[in-house]
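One letter stands for each residue in the lines below.
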Amino acid sequence: MADKISILIVDDEDSVRDSLLNWFLEDGYEVEAAENAKKALQLLEERNFNIILADIKMPGMDGLELHRRIRSLNRETIVIIMTAFASVETAVQALKDGAFDYVTKPFDPDDLSHLIRNAASQIALRNENEALKERVTTLEEVDDIIGHSEAIVRVLQHIESVAQSNASVIITGESGTGKELVARAIHANSSRKYFPMISVHCGALTESLLESELFGHEKGAFTGATFNRKGRFEMADGGTIFLDEIATISPKMQIELLRVLETKSFVRVGGNREITSDFRVICATNRDLAAMVRNGTFREDLYYRLNVVNIDIPPLRERTDDIPLLVNHFIRKYCTSMSRDLITIEPSALKHLEKFEFPGNVRELENMIERAIVIGNGREIKLKDLPLGAETPENSVESLDELEKRHIEQILLKYNWNISRSARALSVDRVTLYNKIKKYDLRQKE
Amino acid sequence: MLSCGSFDRGFLKKVSGAVEDEYRCQVITEECHLDLSPYYNPARRQYDGDRLLNQIPACTTSEYFKIIGLFRVDLYIPILTYIFGQAILGRQLAIASVFRLRNELYGLKQDDDILLSRTIKEVIHELGHTFGLVHCHNLSCVMRSSTYAEEIDLKGAALCPSCRSIYLSNPTLP
């Protein structure tokens, strides 16, 4: 670590500069020296230093003023103020201004070593912190949203443009299209990224449970509330709350949610203290909220409050160009997590995947690839490893009419041409079935 | 090695022998009769290490690859309260003092073996700096930084493999 730390010594006394320069060189640091504040600022224009040791009493600009200038240039630099005259006032002022430490000349060698070691530790911690933040961001960034199709590029552009704002977002898309992933990408690219993103799956909770989950509860609020509990809105303070399946919440919860969104304050269940929280709301649904507003099952005011920005994620069948990329991504993901060598996919299997409808979207494709890696031969994913059904559109040359005819024939055969039972199985009335039999000229075989 | 403090011949021989073993070089010991009074700082009651370091080449008429002055007096440099020794990194000169290596200074019983061991380590350490070696994080390496006498006891008297390879790759070695 020592060889990476750079130190600048600023002192008008030659002997002090030379002694410290030599001392730090022996310690393996990268050192430069300046005889006054002006020279130091010139050096700082050319490069950065991790640590600056500045004398407090120098002709011209003194150490405190130099420190203020350094802080305005680079807040990361650690400044240690040195003085030959111990003065509590100047020490306090230096520390108030953000100096790392204050030392009186001459120093004990051990104190100097400790001082620099502490400063170096702080630099190392800060670097580590930066690296971790970077890693957290990278983990949740748009890298997880795979694809280069026009549709997905549009989604990525939306994410980029809305991330920095505080606007509420509704993410719409079929089940399995990656709505939560988009929400995470928005959060990870926003200024709220160092605060939590709290997810609530509204559809999985009853009204009373959702209320307690969102607002928290006080001890004794209801049977089983044996302790105080923070709600999700409180936990999301500074960050983002992601409300999945928003269309499923009850009319009562819709009113409560609207009030919270308007005031950013709420009361825990069973409590009477108003709690405020600064959160951003991102919602997701696979239903048509506008239609729900029209038929009166979703509040119009809440809809407009939530729907400041709408990001619609296309189903996988509308972006089949992305399937090869997604397949490779999932192969890499699961081979790595299973500690296996990377495998490939046979071209015909990939072709079948590109033709498949994927009603479960990307999630279904991901599950398919994971399953194929588990049950496959460990070298290549083959068509037989994929649960695509016996017939895929690639193999079928039949028209819709032909398919219908064959299906009706099979059902009639199964129910021994019992029209009532066959019609029930086909979910049509008897008249329709008779018409279809007539249309396709189906006859019972002897 | 310039003996600037009437050291016992046997003591000097052991120190120079250890240096020869470590750096595989010949060590010549010369007596130096430098008047130290100009280097004394009455306010600090110590001797100015910076000025002494610059003065030692004048104490010998011979040409040496490296010169280290061994003193008995308490050394300081303006910014530090004391030093065990100092050197100019990658250059010819170094100084060391036994003053703060003595057990008696810390209220302990005199121990000549400990003093010899500490002096050997300090001299090898300062000479290491003249060969361009910086402080090492290896606990047993003689180039580990020591700011207390007890810390000198914890490390060994030899270069660690890493410092040794840096020393051997020094292009200025004759």
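The structure we're discussing is the one just above.
What comes next concerns the included structure. All values derive from a computational prediction rather than experimental measurement.

Next up on the list: the overall build of chain A. When you go through chain A residue by residue, the secondary structure sums to 18 helices and 16 strands. Looking at chain A as a whole, 32% of its 446 residues are labelled buried.

Time to look at the sheet that holds strand β7 (residues 197-201) of chain A. All names here are of chain A. The five strands lie next to each other as β7-β10-β13-β6-β14, forming an open sheet whose pairing is parallel. Every interior strand has two partners, whereas the edge strands, β7 and β14 (309-312), have only one. Averaged over neighbouring strand pairs, the angle between their axes works out to 20 degrees when direction is ignored. The pairing of strand β10 (residues 240-244) with strand β13 (residues 280-285) spans five bridges and is classified as parallel. Within β13, the position partnered with L243 by the bridge is C283.

What follows covers the interface of chain B and chain A. Counting residues at the interface gives 17 residues for chain B, matched by 19 residues for chain A. At four residues, the largest contribution of residues to the side of chain B that touches chain A is made by strand β7 (residues 80-83) of chain B. Tallied by class, the residues present in the side of chain B that touches chain A amount to ten nonpolar, six polar and one charged.

What follows covers the pairing of strand β4 (residues 78-83) of chain A. Residues and elements named next belong to chain A. Extensive coverage of β4 is indicated by the burial of five of its six residues. Looking at chain direction, β4 and strand β5 (residues 101-104) are connected through four bridges and run parallel. What sits directly across from M82, in β5, is V103.

Residues and elements named next belong to chain A. Strand order in this open sheet of five strands is β2-β1-β3-β4-β5, and the pairing throughout is parallel. Edge positions in the sheet fall to β2 (30-34) and β5, since each has one partner strand and no second. Neighbour-to-neighbour, the strand axes of this sheet turn through a mean angle of 20 degrees, independent of strand direction. Lying on the sheet, helix α1 (residues 14-26) is in contact with β1 (6-10), β2 and β3 (51-55); it crosses β2 at an angle near 170 degrees. Each of β1, β3 and β4 is contacted by helix α3 (residues 63-73), which is oriented at about 155 degrees to β3, the strand it contacts most.

This part takes up unusual backbone geometry. Residues and elements named next belong to chain A. For the bond running from K105 to P106, omega is -10 degrees, close enough to zero to count as cis. Structurally, P106 can be placed in the loop between β5 and α5 (109-140). In the Ramachandran plot, K264 falls in the positive-phi region, its phi being about 55 degrees despite a non-glycine side chain. Tracing the chain through its elements places K264 in the loop between α10 (251-263) and β11 (265-267). Owing to 13 C-beta atoms within 10 Å, K264 belongs among the partly exposed residues under this scheme. In this model, S339 sits at a positive phi of 55 degrees, which is unusual for a non-glycine residue. Tracing the sequence through the fold places S339 in the loop between α13 (323-337) and β15 (344-345). Classification of S339 as exposed rests on a count of 6 C-beta atoms within 10 Å.

Rules used throughout
Residues numbered from 1 in each chain as written. Chains lettered and ligands numbered in written order. Predicted model: local features only at pLDDT ≥ 70, side-chain atom pairs only at ≥ 80, totals over all residues. Helix = DSSP H or I, 4+ residues; strand = E, 2+ residues; numbered from the N terminus. Buried ≥ 20, exposed ≤ 12 C-beta atoms within 10 Å, placed from the backbone. Pairing = 2+ DSSP bridges. Axes fitted to C-alpha atoms, helices over the stretch in contact; angles between N-to-C directions. Contact = placed C-beta atoms within 7 Å. Nonpolar A, V, L, I, M, F, W, Y, C, P; charged D, E, K, R; others polar.

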